[in-house]
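Letter by letter, the chains look like this.
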Amino acid sequence: METTFNSRIRVKEIALACGASAAGIAAAGELEEFKRFSLAVSAYPQGLSYLRRSGLKRHSLKNWNVDAASALVCAFRYWEPAMDHAAALKAAGDPAAFLAGSGRRITQPELLSLPGAKISRYALSRDYHLAVKEKLSAMLTGIKQELPGVEGVIFCDTSPVLEKELARLAGIGFRGRNTLVMSGELGSYFFIGGIALDIGLEPDKPAAGSCGECRLCEAACPTGALNGGALDAGRCLSYWTTQSKEKIPAELAAKTGGFAYGCDLCQEACPHNKPPGWLAPGFETIKPIK
Ligand code: B12
């Protein structure tokens, strides 16, 4: 099908109109980053071994969906700097009951029963797999109306797709030292989801930016799971509290900072996620001329 410059603009407009916080286009070819992914997952714990099994599919979007010619990749913000985590936790009530009520599997019940147990920000809203997929479905319907004959397949989290790399290539954000995609405008409190489209839309420019010398996330991780852009998933509190079927080792359980489902410590420390006006210690600011 013939596409025009206008098609890519319209596809992104539809995405934003259907609830994306940001949208971009990536090509569907082989991903150079796959080499680093393969190396990194070879050391991942048992609870994430599915990443090794479905590894090859992640090499290219076409390995997952043979018709893919480009990807619409979107960010969906779930937290704003001015929002109050403590107040949201209070509103959620009993953590175990809240998680059970929102359909999430409780992995470490003993942590959840401790006073002040915290649920991470991303899990305080409706299950994002459902919320994001609804928005992506609406986008696909809109795209099909605009460009008759186009087909697409939705992905969000559960498909064997290197979502963070596609988001970087689509210009959504750069890779932070905490391994998450970081946007200048949105910080990192957003989900990634997209649609593999069977039309070859012109890709966006990959996002520029980097963490520079900032290592606040590494310093904030109480288990030392972050190092130079790599995550030791076997030490990540998010892994133990959302994915693992085994009991969290006592050494790590003593360092959760109260997080009992998911963990935000590496994101809380990030200057990109701080309220406007917040100054990172040790960072110089060029002051306005008086
Ligand atoms: C498996 C998984 C996890 C695992 C492993 C996390 C991880 N970093 O790998 C666990 C359960 C721990 C996890 C936790 C979280 N997750 Co998660 N997770 C995924 C999933 C399903 C796959 C990610 C993956 O491929 N990991 C494999 C590793 C190898 O990939 P990687 O971290 O990208 O590794 C790269 C870097 O480490 C780098 N690297 C490796 N070595 C080196 C060395 C140097 C020197 C450098 C510079 C780089 C480098 O190269 C690697 C390959 O690109 C994705 C969804 C998807 N389908 O992509 C969501 C996803 C990444 N998760 C997400 C979220 C929200 C979270 C949490 C914030 C939830 C929470 N609050 O608890 C935490 C964050 C923890 C963290 N700091 O990563 C979002 C991230 C959105 C964003 N803004 O980036 C995603 C995209 C889900 C979604 N659709 O929105 N997650």
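All figures in this text were calculated on a predicted structure; none of them were measured in a lab.

J.: Give a detailed account of the overall build of the protein chain, specifying residues and quantitative values.
T.: When helices and strands are counted, the protein chain shows 13 helices and 10 strands. Computed over its C-alpha atoms, the radius of gyration of the protein chain comes to 20 Å, within 12% of the 19 Å expected for a compact globule of 290 residues. C-alpha extents for the protein chain along the principal axes are approximately 60 × 60 × 40 Å. Going through the 290 residues of the protein chain one by one, you find that 46% of them count as buried. By sequence separation, contacts in the protein chain at least 24 residues apart represent 73% of the contacts at least 6 residues apart.

J.: Summarise the site of the ligand; cite the residues concerned and give the values.
T.: Close contacts around the ligand come from 39 residues, with Glu33, Glu163, Arg175, Gly229 and Ser238 the closest. Between the ligand and Ser120, the relevant distance is 3.0 Å, taken from a nitrogen atom to a side-chain nitrogen or oxygen of the residue. Between Val161 and the ligand, the recorded distance is 3.2 Å, taken from a backbone N or O atom to a nitrogen atom. In terms of residues, the shell around the ligand owes the most to one element, helix H2 (residues 34-41), which gives 4 residues.

J.: Lay out the domain arrangement of the protein chain in plain terms, naming residues and giving numbers.
T.: According to the domain assignment, the protein chain contains domain 1 (5-78 + 125-197) and domain 2 (85-124 + 212-273). Placing the centre of domain 1 and that of domain 2 at their C-alpha centroids yields a distance of 24 Å. Of the roughly 2,000 Å² buried at the junction of domain 1 and domain 2 (both faces included), carbon and sulfur atoms supply 56%. Sorting the residues of domain 1 by area buried against domain 2 places Ser125, Arg177 and Tyr189 first, and these three jointly supply 37% of that buried surface. Measuring nitrogen to oxygen at the nearest pair gives 3.9 Å for the salt bridge that ties Glu218 to Arg177. Grouping the amino acids of the side of domain 1 that touches domain 2 by side-chain chemistry returns 11 nonpolar, 7 polar and 3 charged.

J.: Can you lay out the sheet that holds strand E4 (residues 152-155) for me, pointing to particular residues and giving the numbers?
T.: Strand order in the open sheet made by the 4 strands is E1-E2-E7-E4, with antiparallel pairing throughout. Since the sheet does not close on itself, it has two edges, and those belong to strand E1 (22-27) and E4, each with one partner. Each strand of the sheet is rotated relative to its neighbour by a mean of 20 degrees, with strand direction disregarded. Pairing between strand E2 (residues 70-77) and strand E7 (residues 190-197): 8 bridges, direction antiparallel. If you follow Cys74 over to E7, its bridge partner there is Gly193. Packing against the sheet, helix H8 (residues 128-146) makes contact with E2, E4 and E7, and its axis sits at approximately 35 degrees to E7.

J.: Account for the state of the cysteines, naming residues and giving values.
T.: Taken as a whole, this structure holds 0 disulfides when the rule is applied. A disulfide-free cysteine, Cys263 has its sulfur positioned 6.3 Å from the sulfur of Cys266, the nearest such atom. Exposure remark for Cys263: the relative accessible area of 18% places this residue in the buried category.

J.: I'd like a rundown of the packing of aromatic side chains, residues and numbers included.
T.: Inspection of the entire model under this criterion finds 9 aromatic pairs. Ring centres 5.8 Å apart and planes at 25 degrees place the aromatic pair Phe34 and Phe37 in the stacked group. Here Phe37 and Phe34 lie together in helix H2, a separation of 3 residues that amounts to about one turn. Under the relative-accessibility criterion, Phe34 is labelled buried at 11%. Judged by its relative accessible area of 14%, Phe37 falls in the buried class. On the basis of an interplanar angle of 75 degrees and a centroid distance of 6.5 Å, the ring pair of Tyr122 and Phe191 is categorised as edge-to-face.

J.: I'd love a proper account of unusual backbone geometry, names of residues and values included.
T.: Backbone geometry at Asp157 places phi at a positive 75 degrees, although glycine is not the residue there. Note on Asp157: relative accessible area 37%, which makes it partly exposed. A positive phi angle, close to 80 degrees, is found at Thr179, a residue other than glycine. Within the secondary structure, Thr179 is located in the loop between strand E5 (174-175) and strand E6 (181-182).

J.: I'd like to hear about the nonpolar core, residue by residue, with values.
T.: In terms of nonpolar packing, the biggest core is built from 79 residues, with Leu61, Leu72, Met139, Ile143 and Leu197 touching the most fellow members. Domain assignment of the residues forming this core places at least three in each of domain 1 (5-78 + 125-197) and domain 2 (85-124 + 212-273).

J.: Please give an account of empty space enclosed by the protein that cites residues and values.
T.: Going through the model one piece at a time under the given rule, you end up with 1 cavity of 30 Å³ or more. By volume, the largest cavity amounts to about 40 Å³. Residue lining of the largest cavity: Leu31, Lys57, Arg58, Ser60, Leu61, Pro160, Val161, Leu162 and Leu166, and that is the complete set. In terms of residue class, the lining of the largest cavity is made up of 6 nonpolar, 1 polar and 2 charged.

Definitions and limits used
Every chain is numbered independently, its residues counted from 1 as its sequence is written. Predicted model: local features are reported for residues with pLDDT of at least 70 only, side-chain atom pairs are reported and counted for 80 or more only, and whole-chain, interface and lining totals are derived from all residues. With hydrogens and water excluded, all non-hydrogen atoms of the structure serve as input to the side-chain values. Each helix is a run of DSSP H or I of at least 4 residues and each strand a run of E of at least 2, with the numbering of both proceeding from the N terminus. Only the C-alpha atoms count toward the radius of gyration. The rule for a globule is 2.2 Å times the residue count to the power 0.38. To sort residues, take the accessible area from a 1.4 Å probe on protein chains only and compare it with the maximum for the residue type: under 20% means buried, over 50% means exposed, and anything in between is partly exposed. The contact criterion used throughout is that any non-hydrogen atoms of two residues lie within 4.5 Å. Each residue is tested against the molecule or strand, and it is near if at least one of its non-hydrogen atoms lies within 4 Å. What qualifies as a polar contact is a pair of N or O atoms within 3.5 Å, subject to a donor-acceptor requirement within protein and to the restriction that residues adjacent in sequence count only when both atoms come from side chains. Delimitation of the domains relies on an automatic or database domain assignment. When two parts are put together, the accessible area they lose, computed with a 1.4 Å probe and summed over both, is reported as buried area. Salt bridge criterion: a side-chain nitrogen from Lys or Arg within 4 Å of a carboxyl oxygen from Asp or Glu. Three categories are distinguished: nonpolar for Ala, Val, Leu, Ile, Met, Phe, Trp, Tyr, Cys and Pro, charged for Asp, Glu, Lys and Arg, and polar for the others, with Gly belonging to the last. At least two DSSP bridges between two strands are needed for those strands to be called paired. Convention adopted: a line fitted to C-alpha atoms gives each axis, helices being fitted over their contacting stretch, and angles between N-to-C directions are expressed from 0 to 180 degrees. Our working definition of a disulfide is a cysteine sulfur pair at a distance within 2.5 Å. A pair of aromatic rings is counted whenever rings of Phe, Tyr or Trp (Trp by its six-membered ring) have centres within 6.5 Å, and the orientation is called stacked for planes under 30 degrees apart, edge-to-face for over 60 and tilted otherwise. Only buried residues count toward a nonpolar core. Its members are Ala, Val, Leu, Ile, Met, Phe, Trp, Tyr and Cys residues joined through side-chain atoms within 4.5 Å. In this analysis the probe radius is 1.4 Å and the grid spacing 1 Å, with only protein atoms considered; a cavity is a set of points the probe fits into but cannot get out of, a pocket is an open set with protein on both sides within 12 Å along at least five of seven lines, and lining residues have an atom within 4 Å of a point. Grid points are joined across faces, edges and corners, and a volume is the space filled by probe spheres set on the points.

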